[in-house]
Structure formats: structure tokens, C-alpha cells
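A closer look at the structure
Below are the chains, spelled out letter by letter.
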Amino acid sequence: MLHNTQTKISILKLTSGEEIIGTVARSHDNVYTVTKPLMLVQTSQGLHFAPFLAMAKQDADVKIYGVVAEAPPYEEAEANYLSAISGIALPPKSSIIGV
């Protein structure tokens, strides 16, 4: 029995094959409560985000069942997700070379 109350951004793979990125507020017995979940959708231009539940309030907590895998997103995916849910474009991470 897993019980997690720490908020984190995760990628969830569902039994249906869908992949979701969202802020996991809680998880307990394979039921995930996710805020602002977005589906990853493959198009001819690459991966894009789409609402997981198109008719639901965008800031509603959604209970998701049937999760077969959970993983942290890579940095760029997390930044793109945060930009999509906030409407604020985040600058790319830079590094200082040769100081």
C-alpha cells in the first residue's frame, strides 16, 4: 500500500496506453490525485500537450486509476509542462563556460 502526500510533477503511463504529465498531489493504492493533468499527444510536428479531460475545469483535481508506471519527467518536459499550465514561457537553462 503506497501512500504519498508530497506534491511532485510526474509522468504517468495508464493501462489504456495514454501518457499523462501532471502535478501529483496524492497517491494511495494505485489511485493518483493529479492537478492540471495533460496528455502527451504525438502529432506530425512531435509531442504536444492536450487536456486530459477536455470538459473538466482546468484547475480541478482529477482522480486517475489504472497507472502502470510513474516516472519523473526530464527537465525540458517539466519546463514545457510548467509553461503550458502557467502561460509563462520559461527561459532555457544556461550554463557559464570558461569563467
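Structure: see above.
These remarks concern the structure in this document. Position numbers for residues start from 1 in each chain and track the written sequence from start to end. Local features are withheld for residues below a pLDDT of 70 in this predicted model, meaning they are given only at 70 or higher, and side-chain atom pairs are given and counted only at 80 or more; totals for whole chains, interfaces and linings count all residues. To get the side-chain values, take all heavy atoms of the structure and skip hydrogens and water.

1. Side note on helix H1 (residues 75–86)
What counts here: The numbering of helices and of strands both runs from the N terminus, where a helix is a DSSP run of H or I of at least 4 residues and a strand a run of E of at least 2. Working rule for helices: expected span equals 1.5 Å times residues minus one.
Over its 12 residues, H1 extends 16 Å from the first C-alpha to the last, a length consistent with the 16 Å expected when each residue adds 1.5 Å. Downstream of H1 by a residue or two, Gly 87 has a phi angle that is positive, lying close to 80 degrees.

2. Structural notes on the environment of Ala 77
Worth spelling out the cut-off: The contact criterion used throughout is that any non-hydrogen atoms of two residues lie within 4.5 Å.
Relative to the elements of secondary structure, Ala 77 occurs in helix H1. Spatially, the C-alpha atoms of Ala 77 and Ile 11 are 9.5 Å apart, while their sequence positions differ by 66 residues. Contact partners of Ala 77, with chain neighbours within four places excluded, come to Ile 21 and Phe 49.

3. Some remarks on the packing of aromatic side chains
The line we're drawing: Note on aromatic pairs: the rings of Phe, Tyr and Trp (six-membered ring only in Trp) are paired at centre separations within 6.5 Å, and the planes decide the class, stacked below 30 degrees, edge-to-face beyond 60, tilted for the rest.
For the structure shown, the criterion picks out one aromatic pair. With 6.4 Å between their ring centres and 80 degrees between their planes, Phe 49 and Tyr 81 make a pair best called edge-to-face. With Phe 49 in strand E5 (residues 46–51) and Tyr 81 in helix H1, the pair connects residues that are 32 residues apart, well separated along the chain.

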